[in-house]
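# Close look at the chain arrangement
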Amino acid sequence: MVTMRLWTGQLTTRTIAHESTHAAAAFFFMDSIPGWDSRARTHLVGDHEAMAYLVGDFTAEVVRNLYRLHLLP
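Residues numbered from 1 in each chain as written. Predicted model: local features only at pLDDT ≥ 70, side-chain atom pairs only at ≥ 80, totals over all residues. Heavy atoms only, no water.

Let us now look at the pattern of salt bridges. Side chains bearing opposite charge may pair, as long as their charged atoms lie close to each other. All told, the structure shown has one salt bridge when counted by the stated rule. Taking the shortest distance from any N to any O, the salt bridge between Glu61 and Arg64 comes out at 2.7 Å. A residue pair is termed a helical-turn pair when its members lie 3 or 4 positions apart in one helix, as Glu61 and Arg64 do in helix H2 (residues 49-68) at three residues. Residue Glu61 is classed as partly exposed on the basis of its relative accessible area, which comes to 39%. The partly exposed category is assigned to Arg64, whose relative accessible area is 44%. (Salt bridge = Lys/Arg side-chain N within 4 Å of Asp/Glu carboxyl O. Helix = DSSP H or I, 4+ residues; strand = E, 2+ residues; numbered from the N terminus. Buried < 20%, exposed > 50% of the residue type's maximum accessible area, 1.4 Å probe, protein only.)

As structure tokens, this is what we get:
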């Protein structure tokens with residue numbers, strides 16, 4: 001599990017994407033998830049497409065939930 005903490009005083013797309021990148025990187029490099037092939041980290045080369053998908057997914061979920069909680073207008 002990856003936990004991301006956000007401050008309601010700074011809920012900008014930039015901050016959310018930044019913190020999502022940290023969450024995605026932590027998730028990408030985890031060795032403790034059963035069945036997770038940590039050798040995937042070797043794909044962090046070139047255009048980082050795998051990392052970009054993780055960042056996009058995390059960001060989309062955070063923004064969706066912030067709207068659901070009425071923390072974003």
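Alright, that's what it looks like, and here's the rest.
Among the structural elements, Thr59 can be located in helix H2. Residue classification places Thr59 among the buried positions, given a relative accessible area of 14%. A polar contact is formed between the side chain of Thr59 and the side chain of Ser20, at a distance of 3.2 Å. If we ignore the near neighbours within four places in the chain, the residues touching Thr59 are Ile16, Ala17 and Ser20. (Polar contact = N/O pair within 3.5 Å; in protein donor to acceptor, adjacent residues only side chain to side chain. Contact = heavy atoms within 4.5 Å.)

For helix H1 (residues 13-28), with 16 residues, the first-to-last C-alpha span of 22 Å sits near the 22 Å given by 1.5 Å per residue. Of the residues making up H1, those classed as buried are Thr15, Ile16, Ser20, Ala23, Ala24 and Phe28. (Expected span 1.5 Å × (residues − 1).)

For the rest of this paragraph, the subject is the environment of Ala25. With respect to the helices, strands and loops of the structure, Ala25 is situated in helix H1. Judged by relative accessible area, Ala25 falls into the partly exposed class, the value being 23%. Separated by 26 residues in the primary sequence, Ala25 and Met51 have C-alpha atoms spaced 7.5 Å apart.

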